[in-house]
Number of protein chains: 4
Amino acid sequence: MNGYDANKDDLQKRLRRIEGQVRGIARMVDEDKYCIDILTQVSAATKALETVALSLLGDHLSHCVAEASAEGGAVADEKIREANAAIARLVRS
Amino acid sequence: MNGYDANKDDLQKRLRRIEGQVRGIARMVDEDKYCIDILTQVSAATKALETVALSLLGDHLSHCVAEASAEGGAVADEKIREANAAIARLVRS
Amino acid sequence: MNGYDANKDDLQKRLRRIEGQVRGIARMVDEDKYCIDILTQVSAATKALETVALSLLGDHLSHCVAEASAEGGAVADEKIREANAAIARLVRS
Amino acid sequence: MNGYDANKDDLQKRLRRIEGQVRGIARMVDEDKYCIDILTQVSAATKALETVALSLLGDHLSHCVAEASAEGGAVADEKIREANAAIARLVRS
């Protein structure tokens, strides 16, 4: 069981939409669309990916990390360390 | 003619790769992969989109904005204003 | 007791350094330094603030959130919800 | 002459405010304020620094880069290359 289990449909819908956005950006390049209009779509796709990441991370903290913390011990410490590293990657990306 | 004309193949290659990354993330969700591993891929796709944006923006400044500035006048001002707005969207996304 | 208790000296040192960086940026503006050199310092100060945020957040998850999760109940849910909101603000800033 | 010349007062005012924000964050740490409240202030200071960066960059493009482009040649190319590198640092910070 994963933290995102209850949100799987929503995540899939968002990811399919992002995949379509990226395909649309490739098409804009192909059709020589204006740079600034392409950039607007790239910013939108980036924001949509961030929303997916925040959703996954929120579910992970609410479930995996919360449950490991309730049990305590080395596994809990490792889950926290791992979540912190994922947050750092996200903030810096 | 667009600023990115000379980089079209490279852009298309990058965008196809990002499209594949996003499809891979959807598959990971489908196969109940571990949240943190999915997040790592989302961060990678986000960074790849940022690289595309920086490439498009660099080409835009080097060509469209530089040429408009060389001509001067209201068109040049408008190009600069437009580029600034695109940069702001990018920095804040 | 706060999660960052054991890191207080380190945090204070970092924050004093960032305060000095910001004062230095103001001085560069005052002395008409070159825009790009000022921008380099602004990027450095921004990154330093992000490091402070990631340190605070890591300590918060390791202590406050982990302890609340160990106790469970509504307080634990609220701590997680609050941490998720802080992470979202950070990722989007 | 720098691009930000006409905005010097505004920049100085913003930077003094950010310096005060950072000093306030150090005081919050000193007074053992709640982690999440400190994080909110760190996000606000980070956003304020980004606004300074976007203002400096906008002025730089409108003046230094536009003027160099109007003259053309190697200096113009170098200005564009330098601006692109500054934008990349900003987007990745």
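Every value quoted in this text rests on a predicted model; they were computed, and no experiment measured them.

Reading the values: rules and limits
Residues numbered from 1 in each chain as written. Chains lettered and ligands numbered in written order. Predicted model: local features only at pLDDT ≥ 70, side-chain atom pairs only at ≥ 80, totals over all residues. Heavy atoms only, no water. Least-squares fit on C-alpha atoms with pLDDT ≥ 70 in both. Helix = DSSP H or I, 4+ residues; strand = E, 2+ residues; numbered from the N terminus. Buried < 20%, exposed > 50% of the residue type's maximum accessible area, 1.4 Å probe, protein only. Polar contact = N/O pair within 3.5 Å; in protein donor to acceptor, adjacent residues only side chain to side chain. Contact = heavy atoms within 4.5 Å. Expected span 1.5 Å × (residues − 1). Buried area = accessible area lost by both parts, 1.4 Å probe. Salt bridge = Lys/Arg side-chain N within 4 Å of Asp/Glu carboxyl O. Nonpolar A, V, L, I, M, F, W, Y, C, P; charged D, E, K, R; others polar. Axes fitted to C-alpha atoms, helices over the stretch in contact; angles between N-to-C directions. Parallel < 35°, antiparallel > 145°, perpendicular 65-115°, else oblique. Left-handed = near helix turned anticlockwise from the far one by under 90°. Patch = residues over 30% accessible without salt bridge, like charges linked within 9 Å, V, L, I, M, F, W, Y side chains within 5 Å. Areas by Shrake-Rupley, 256 points an atom, 1.4 Å probe, with all protein chains shown as cover. Lys, Arg positive; Asp, Glu negative; His and termini not counted. Charge placed at Lys NZ, Arg CZ, Asp CG, Glu CD.

Q: Run through the relation of the copies chain A and chain B, naming residues and quoting values.
A: For the pair chain A and chain B, the best superposition has an RMSD of 0.0 Å and corresponds to a rotation of 180 degrees with a translation of 0.0 Å parallel to the axis. Taken together, the rotation and translation describe the operation of a two-fold axis.

Q: How would you sum up the side chain of D:N2? Please name residues and give values.
A: The topology assignment puts D:N2 in the segment before helix 1 (8-30). Here D:N2 falls in the buried class, since its relative accessible area comes to 11%. A distance of 2.7 Å separates a polar side-chain atom of D:N2 from the backbone oxygen of C:D32. Contact partners of D:N2, with chain neighbours within four places excluded, come to C:D32, C:K33, C:Y34 and C:C35.

Q: Describe unusual backbone geometry, with residues and values.
A: A positive phi angle, near 55 degrees, is found at A:D32, a position not held by glycine. Note that A:D32 resides in the loop between helix 1 (8-30) and helix 2 (35-71).

Q: Which residues make up helix 1 (residues 8-30) of chain B, and what values go with them?
A: Look at helix 1 of chain B: 33 Å from first C-alpha to last across 23 residues, which is about the 33 Å you get at 1.5 Å a residue. Within helix 1 of chain B, burial applies to B:K8, B:L11, B:Q12, B:L15, B:I18, B:E19, B:V22, B:G24, B:I25, B:A26, B:M28 and B:V29. Of the surrounding elements, those touching the buried residues of helix 1 of chain B are helix 1 of chain A together with helix 2 (35-71) of chain B. In the segment just after helix 1 of chain B, B:D32 is the residue with positive phi, at about 55 degrees.

Q: Just give me the short version of the interface of chain A and chain B, but keep the residues and values in it.
A: At the interface, 46 residues of chain A touch 46 residues of chain B. Regarding the contact of chain A and chain B, the summed buried area is about 4100 Å², with carbon and sulfur atoms giving 66% of it. Put simply, chain A and chain B have four salt bridges between them. Seen at the junction of chain A and chain B, the total is 20 residue pairs in polar contact (both at pLDDT 80 or more). Of all the elements, helix 2 of chain A adds the most residues to the side of chain A that touches chain B, at 18 residues. The residue inventory of the side of chain A that touches chain B, partitioned by class, reads 25 nonpolar, eight polar and 13 charged.

Q: Can you break down the packing of helix 1 of chain B against helix 2 of chain B residue by residue, with the values?
A: Residue and element names in this part refer to chain B. Look at helix 1 against helix 2: their axes get within 10 Å of each other, and the N-to-C directions meet at 160 degrees. Of the possible angle classes, the one that applies to helix 1 and helix 2 is roughly antiparallel. For the element pair helix 1 and helix 2, the recorded crossing hand is left-handed. Residues L11, R14, L15, I18, Q21, I25, M28 and V29 of helix 1 form the contact with helix 2, whose own contacting residues are D37, I38, Q41, V42, A44, A45, A48, L49, T51, V52, S55 and L56. Looking at the contact of helix 1 with helix 2 residue by residue, the class counts come to 14 nonpolar, four polar and two charged.

Q: Before we move on, can you summarise the relation of the copies chain D and chain B with the specific residues and values?
A: Rotating chain D by 180 degrees and translating it 0.0 Å along the rotation axis places it on chain B, where the RMSD comes to 0.0 Å. Taken as a fraction of all interface residues of chain D, those also at the interface in chain B reach 100%, which identifies the copy contact as same-surface.

Q: With reference to specific residues and values, describe a positive patch on the surface.
A: Taken together, the side chains of A:K47, B:R92, C:R92 and D:K47 present a region of like positive charge at the surface. Locating D:K47 in the fold gives a position in helix 2 (residues 35-71). Look at D:K47 and you get partly exposed, because its relative accessible area is 43%.

Q: Lay out the environment of C:Y4 with the relevant residues and their values.
A: Locating C:Y4 in the fold gives a position in the segment before helix 1 (8-30). For C:Y4, a relative accessible area of 0% puts it in the buried group. Separated by 52 residues in the primary sequence, C:Y4 and C:L56 place their C-alpha atoms 6.1 Å from one another. For C:Y4, the contacting residues outside a window of four places in its chain are C:L11, C:L56, C:D59, D:M28, D:V29, D:D32, D:K33, D:C35 and D:I38.

Q: Account for the packing of helix 3 (residues 73-92) of chain C against helix 2 of chain D, with residues named and values stated.
A: Where helix 3 of chain C meets helix 2 of chain D, the axes come as close as 9 Å, and the angle between the chain directions of the two elements is 15 degrees. By the angle class used here, helix 3 of chain C and helix 2 of chain D are roughly parallel. Relative to helix 2 of chain D, the crossing made by helix 3 of chain C is left-handed. Packed against helix 3 of chain C, whose contacting residues are C:E82, C:A83, C:A86, C:R89, C:L90 and C:R92, the element helix 2 of chain D presents D:I36, D:L39, D:T40, D:S43 and D:K47 at the interface. For the contact of helix 3 of chain C with helix 2 of chain D, the per-class residue count stands at five nonpolar, two polar and four charged.

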